[in-house]
Amino acid sequence: MRALRVFAATGSRSFPFDRMIQALDGAVSSGVLPEGTTVLAQVGSSAWEPRFIDVVDYLDRDEFLARVDEADLVVSHGGTGSLMTALSRGKRVVAVPRRAVFGEVVDDHQVEFVRQLERAGLLRVCDEGDDLAAVMAASLGAPAPSPHQSNTAAVLDSIDAYLGGMSESGSMRLRRPVRVLLCGSALTEPGGMVSVCRQLMNHDWGDDASLEYVATHVLGSPLCRAITFMRGLHEVRCRLASGEVDVVHLHMSYKGSFVRKRILARLCQKRGVRYVVHMHGGKFTLFYEGLSSPMRKAVTSMLENADTVVVLSESRREFCSAIAPNACVAVVPNAVPLRSPLLRKRDGAFDIAFLGRLVPVKGVDDLVCGFSQLIKRRPSLKSRLYIAGSGSEEGFLRRKCAALGIADCVSFLGWLDPETCNELLEKVDVVVLPSHAEEFGTVLIEAMSAGTPVVATKVGGIEAVVEDGVEGILVNAEAPEEIASALERLHDDVSFWESCSRASQEKVAAQFNEDVFFAKMVALYRGDGGGE
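Please read all numbers here as calculations on a predicted model, not as lab measurements.

Draft legend 1. Focus on the pattern of salt bridges. Under the definition given, this model contains 18 salt bridges. Between aspartate 307 and arginine 274 there is a salt bridge, and its shortest N-O distance comes to 2.9 Å. Highlighted residues: aspartate 307 in the loop between helix 11 (293-305) and strand 13 (308-311) and arginine 274 in strand 12 (residues 274-279), separated in sequence by 33 residues. Between glutamate 488 and arginine 377 there is a salt bridge, with its nearest N and O atoms 2.9 Å apart. Of this pair, glutamate 488 sits in helix 17 (residues 480-492) while arginine 377 sits in helix 13 (residues 364-377), placing them 111 residues apart in sequence. Residue arginine 377 is classed as partly exposed on the basis of its relative accessible area of 35%. Through salt bridges with shared partners, a single network forms among Arg99, Arg115, Glu118 and Asp127.

Below you can see the structure in the form of structure tokens.
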């Protein structure tokens, strides 16, 4: 009689599952299991070294399935992918759910799930306080189930119903959360793209989706960026190999960001996992126009093979549809939380703010010059310009303010946390976004939500956010004199300013609120093109 084989899977989470590995090692050394039983464990990120079992860090999908097929017993964490794979292949299964109290997972959803499967008679559960060796021995001593038995198939179908959404007849079934892997810059980095990623990660998705994040970029030296990407690429590869990812959400800008996300997109294609491309930044068009013919074809291929391409404006949708005619493109504007309506009133001062990166494309130099012109036109005006952010132009801008004689009227605040940012938006009278290129301009809807009128340039998708003369004033790019005139009008015409304040809040509530945004993202994750 051949020795019995056990395959154990701890999953691909970044949280190690040492408790399960230690219990497996103890089970083999206890003598309770049948003589000669061997155990191979996929241990993921664990650094604990067992003495009595064989281990492997990660397996690709084909290797994982081969180990499951040859096993007499599968011991698994409570992840749906591993468990459903083993059950569908007629394996004896022992589930060891991860527990939040031990720092193995963020909540105890695995406990609830494996108990459901246990009540259905599909597996045995070894929870905290149970003897894994005894549970494994009892499972090995029981007859092996068959995936072809009608009752088992029916139970598996009911589990699929729990996990899958709508039945073929159209009746509603309970859904399991869509397992989404987000890839983008480190969440500690500044910028609008990362703000969207943080917004997605901080949202309570309930039963709709479960999100995990892999950082593939960080500001720093070329070596630091390369190490971050290679580490992120390895983590994505392991997650995909685990079979526990339904869709990968790639947040992409241009240049190096495109190169990194293209590599990840090709990896998704190789593994047969859906991916979504979320396009940020206003300079992708110029980037594309400067590419060679082969690289343009690479862009087209990446977009057309995506499950959905998410863009922030209609103008970007038109561009993507032109360069990738077969791509599924969905317009999903950025959004902000709904606020209680604010009745904004002007006091004696007239304060102005810019919030964003201090880089040439943001046009902050134009704002400084325009503010200087305003001060010269109105020497008695009590006004202050707040510049919140940092970047390569900060030193230049400080010197510019000094040369123009307005340094005493300008405050450089650096990057602000969200709470301080909201306080600034509610304090100032106008927010200016003088960008030379801009995909959307999230700071505009943040300001509008606070009832703060805006001055912005007629570039990219901004005209889809701000209607000239309604929520604020639109000006041409690189036109400091137009910025000065727009600020002057908002200062002088208080009734116009108040009208812009009210209209701004109304537009955000109707078009850019988070409820609409998250509903579109759920539909997109489930594969119906963002609900469009």
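Don't stop here, the text continues.
Draft legend 2. Seen up close, the sheet that holds strand 20 (residues 472-475). Strands sit in the order 17-16-15-18-19-20 across an open sheet of six strands; the sheet is parallel. Of all the strands in the sheet, just strand 17 (410-412) and strand 20 have a single pairing partner and so form its edges. Within this sheet the neighbouring strands show an average axis-to-axis angle of 20 degrees, counted without direction. By the bridge criterion, three bridges tie strand 18 (residues 430-433) to strand 19 (residues 454-457) in an arrangement that is parallel.

Draft legend 3. Representation of the packing of helix 9 (residues 256-271) against helix 11 in the model. Running from N to C, helix 9 and helix 11 point in directions that differ by 50 degrees, and their axes come no closer than 10 Å. In terms of their interaxial angle, helix 9 and helix 11 are classed as oblique. The handedness of the crossing between helix 9 and helix 11 comes out as left-handed. Across the interface between the two elements, Phe258, Lys261, Arg262, Ala265 and Gln269 of helix 9 pack against Met295, Ala298, Val299, Met302 and Asn305 of helix 11. The class makeup of the residues in the contact of helix 9 with helix 11 is six nonpolar, two polar and two charged.

Draft legend 4. Highlighting the side chain of serine 257. Structurally, serine 257 can be placed in helix 9. Within polar-contact distance, the side chain of serine 257 engages the backbone nitrogen of serine 253 at 2.8 Å. Beyond its immediate sequence surroundings of up to four residues, serine 257 is in contact with His251 and Met252.

The rules behind the values
Residues numbered from 1 in each chain as written. Predicted model: local features only at pLDDT ≥ 70, side-chain atom pairs only at ≥ 80, totals over all residues. Heavy atoms only, no water. Salt bridge = Lys/Arg side-chain N within 4 Å of Asp/Glu carboxyl O. Helix = DSSP H or I, 4+ residues; strand = E, 2+ residues; numbered from the N terminus. Buried < 20%, exposed > 50% of the residue type's maximum accessible area, 1.4 Å probe, protein only. Pairing = 2+ DSSP bridges. Axes fitted to C-alpha atoms, helices over the stretch in contact; angles between N-to-C directions. Parallel < 35°, antiparallel > 145°, perpendicular 65-115°, else oblique. Left-handed = near helix turned anticlockwise from the far one by under 90°. Contact = heavy atoms within 4.5 Å. Nonpolar A, V, L, I, M, F, W, Y, C, P; charged D, E, K, R; others polar. Polar contact = N/O pair within 3.5 Å; in protein donor to acceptor, adjacent residues only side chain to side chain.

From the geometry alone we can't say anything about function, so treat these as descriptive.
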